[in-house]
Amino acid sequence: MSEILKEEEMSFEEMLDQSFKSTYTGEKVKGIVTGIAPNEITVDIGTKHTGYVPLSELTSDPSLKPEDIVKKGDEIELIVMRVNDVEGTVMLSKKRLDAQAGFEKVMAAAGTGELLSGTVTDVVKGGVLAVTEGVKVFIPASLSGVSKNDSLDQLLKQKVDFVIREVNEKRHRAVGSIKDVLKEQKKALEEKFWSEVEVGKRYQGVVKSLTSYGAFVDLGGVDGMVHISKMADHRIEKVEDAVKEGDMVWVKVMEIDDKGRVNLSMKDVKPEEKVK
């Protein structure tokens, strides 16, 4: 028998052996993506079984579609969920395998201040759940960055940044905080503001709150005050006649007192200065 025939025969035997290879629940396998549908992908794992991964086992992120995660020809690692020898199919999961590796990353981030990103998937009793690296992290309402009077629903399906406060390895649970991230971001903005601010400088800010004598404007980490007399060239009877909460306004820094209070003016900003 020639060497070529021997090689072909060996290759055929290997392929035959592979096609009858058993697959077991819980086994880690590698597969090639052969098809992508709206609710699942099909995968060749090198056995007689037709492998498929339902969307629910492909990712924990509800905002993603199969084509956002894989493309035809990709080789991916999976874990066997269920084998059906009668139908010749095997259900696989990428999400479960990702979650195992993801939880190790989450554990490593605990208490370090490392910034993680995820999508809020559920509003639950006492807080929200955010998915990062295939892991669901519980973020208590008190650490969500949402005020007590506002609904946590505003975070649903939103991308958020958070740090890991603590983890319970045995129970596979982690607690995160968006509030800590917002606090650090505000601190950084404050430092930037105070390093650059000077009398005469103009800012575009957001009206944060109103009083009977003026309005507080968020300049980016620091609030300044616009007195009612500095809101317009003409006399204003009520602050509400000039601005409302949430308005974007142009202001000029008129004074920074010895207590760090920033006094602003809207009327002293010239029209040509109202350009970014």
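Explain the overall build of the chain to me, and be specific about the residues and the numbers.
The helix and strand inventory of the chain stands at five helices and 15 strands. When the 276 residues of the chain are sorted by exposure, 37% land in the buried category. When contacts within the chain are restricted to residue pairs at least 6 apart in sequence, long-range pairs at least 24 apart make up 57% of them. For the chain, the exposed surface amounts to about 17,200 Å²; the carbon and sulfur share of it is 50%.

Talk me through unusual backbone geometry; I want residue IDs and the actual numbers.
Despite not being glycine, Glu 133 shows a phi value in the positive range, around 55°. Looking at the secondary structure, you find Glu 133 in the loop between strand S7 (127-132) and strand S8 (135-140). By relative accessible area, which is 41% here, Glu 133 ends up partly exposed. With a phi angle near 55°, His 172 is a residue other than glycine that sits in the positive phi range. Its place among the elements puts His 172 in the loop between strand S9 (159-168) and strand S10 (173-177). His 172 sits in the partly exposed class, given a relative accessible area of 47%.

So what's going on with the sheet that holds strand S5 (residues 89-93)? Residues and values would help.
The strands making up a sheet are joined through hydrogen bonds of the backbone, oriented either antiparallel or parallel. The strand order S1-S2-S3-S5-S4 describes a closed barrel built from five strands, whose pairing is mixed. Across this sheet, the average inter-strand angle for adjacent strands is 55°, counted without regard to direction. Relative to S5, strand S4 (residues 75-84) runs antiparallel, the two being bridged by five bridges. Directly across from Val 80, in S5, lies its bridge partner Leu 92. Taken strand by strand, helix H4 (residues 95-109) contacts strand S1 (28-36), S4 and S5, and its axis lies near 120° from that of S4.

I'd love a proper account of the pattern of salt bridges, names of residues and values included.
Evaluated as defined, the whole model comprises 13 salt bridges. Note that Glu 57 is salt-bridged to Arg 96, the shortest N-O span being 2.7 Å. Placement of the pair is Glu 57 in helix H2 (residues 55-58) and Arg 96 in helix H4, with a sequence separation of 39 residues. Of the residues examined, Arg 96 reaches a relative accessible area of 36% and is grouped as partly exposed. Between Asp 247 and Lys 244 there is a salt bridge, and its shortest N-O distance comes to 3.2 Å. Accessibility expressed as a relative area gives 54% for Lys 244, which makes it exposed.

Any chance you could break down a positive patch on the surface for me, citing the residues and the numbers?
Taken together, the side chains of Lys 148, Lys 179, Lys 183 and Lys 187 make up a positively charged region of the molecular surface. Looking at where Lys 183 falls in the secondary structure, it is placed in helix H5 (residues 179-196).

Outline the confidence of the model for the chain, listing residues and values.
Counting all residues, the mean pLDDT for the chain is 88, and 89% of those residues have values of 70 or more. Model confidence for the chain, summarised as mean pLDDT per element, is weakest for helix H1 (residues 3-19) at 46 and strongest for strand S15 (residues 262-265) at 96. Under a pLDDT of 50 for its full length, residues 4-10 has, in the predicted model, two contacts with residues more than four places off or in other chains. The low-confidence segment residues 15-21, where pLDDT is below 50, has six contacts with residues more than four positions distant or belonging to other chains.

Mind laying out the environment of Gly 46, listing which residues take part and the relevant values?
On the secondary structure map, Gly 46 appears in the loop between strand S2 (40-44) and strand S3 (50-54). Given a relative accessible area of 26%, Gly 46 falls into the partly exposed group. Sequence separation between Gly 46 and Val 29 is 17 residues; the distance between their C-alpha atoms is 9.4 Å.

The rules behind each value
Residues numbered from 1 in each chain as written. Predicted model: local features only at pLDDT ≥ 70, side-chain atom pairs only at ≥ 80, totals over all residues. Heavy atoms only, no water. Helix = DSSP H or I, 4+ residues; strand = E, 2+ residues; numbered from the N terminus. Buried < 20%, exposed > 50% of the residue type's maximum accessible area, 1.4 Å probe, protein only. Contact = heavy atoms within 4.5 Å. Areas by Shrake-Rupley, 256 points an atom, 1.4 Å probe, with all protein chains shown as cover. Pairing = 2+ DSSP bridges. Axes fitted to C-alpha atoms, helices over the stretch in contact; angles between N-to-C directions. Salt bridge = Lys/Arg side-chain N within 4 Å of Asp/Glu carboxyl O. Patch = residues over 30% accessible without salt bridge, like charges linked within 9 Å, V, L, I, M, F, W, Y side chains within 5 Å. Lys, Arg positive; Asp, Glu negative; His and termini not counted. Charge placed at Lys NZ, Arg CZ, Asp CG, Glu CD. pLDDT = per-residue confidence, 0-100.

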